[in-house]
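# Summary of the model geometry
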Amino acid sequence: QVQLVETGGGLVQAGGSLRLSCAASGRTISSDNMAWYRQAPGKEREFVAASMWTTTYADSVRGRFTISRDNARNTVYLQMNSLKPEDTAIYYCRLLAAPLFTRTYWGQGTQVTVSS
C-alpha cells in the first residue's frame, strides 16, 4: 500500500522560508513522477512543481520554490523561499506511478500559512 506523508508546514512571516518533505512508503519512487500541488481556501487545487527527468514549476513560484528528491530516502522536498501571503494553502504531495503513469497517489496535505 502506497502512502505519502507530508511534513514541514507551519506559520511563517512573508519573506520567510519553509521546507516541506514528502516521505513515500510502499514503493520506490525513483522512477515515479513526483509533484507538489496546493489548495487555498475557496480555490481549486493547483500545480506547484514536479520532478522526474526534469523539474517544472508554476509561473507563480518559479525562482522562489525548488523541488528536489532523495531517492535513497524515498523522499521529495519543496524548498520555499521568499514566501508571500498568497502562498497560503494546504500543500499536497502527488505520486504518478511508473511505468504507465496512469495511477495517482496523494498525501494528506500540510498547511502552510504566510502572514503579512
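One can find the structure itself at the top, above this paragraph.
The present account deals with the structure reproduced in this document.

Thresholds, definitions, all that
- Residues numbered from 1 in each chain as written.
- Predicted model: local features only at pLDDT ≥ 70, side-chain atom pairs only at ≥ 80, totals over all residues.
- Heavy atoms only, no water.
- Disulfide = S-S within 2.5 Å.
- Helix = DSSP H or I, 4+ residues; strand = E, 2+ residues; numbered from the N terminus.
- Buried < 20%, exposed > 50% of the residue type's maximum accessible area, 1.4 Å probe, protein only.
- Lys, Arg positive; Asp, Glu negative; His and termini not counted.
- Salt bridge = Lys/Arg side-chain N within 4 Å of Asp/Glu carboxyl O.
- Polar contact = N/O pair within 3.5 Å; in protein donor to acceptor, adjacent residues only side chain to side chain.
- Contact = heavy atoms within 4.5 Å.

## Re the state of the cysteines
- Under the criterion given, the structure shown has one disulfide.
- Here C22 connects covalently by a disulfide to C93, the sulfurs 2.1 Å from one another. Between C22 and C93, the S-S torsion sits near -80 degrees, and that sign places the bridge as left-handed. Here the residue C22 occupies a position in strand β3 (residues 18-25), and C93 occupies one in strand β9 (residues 89-96), the gap between them amounting to 71 residues. Take C22 and C93: they sit in the same class, and that class is buried.

## Points about the side chain of E6
- Inspection of the secondary structure puts E6 in strand β1 (residues 3-7).
- The side chain of E6 sits in the buried core without any salt bridge; R45 is the nearest counter-charge, 7.4 Å away.
- Polar contacts involving the side chain of E6 include one to the main-chain amide nitrogen of Q108, which spans 3.0 Å.
- Within the local environment of E6, its side chain forms a polar contact with the backbone nitrogen of G109, the two atoms lying 2.9 Å apart.
- Once you skip the residues sitting within four places of it in the chain, E6 turns out to touch S21, C22, W36, Y91, Y92, C93, G107, Q108, G109 and T110.

## A few points about the pattern of salt bridges
- Enumeration according to the criterion identifies six salt bridges in this entry.
- Two residues, D70 and R73, come together in a salt bridge whose shortest N-O distance is 3.3 Å.

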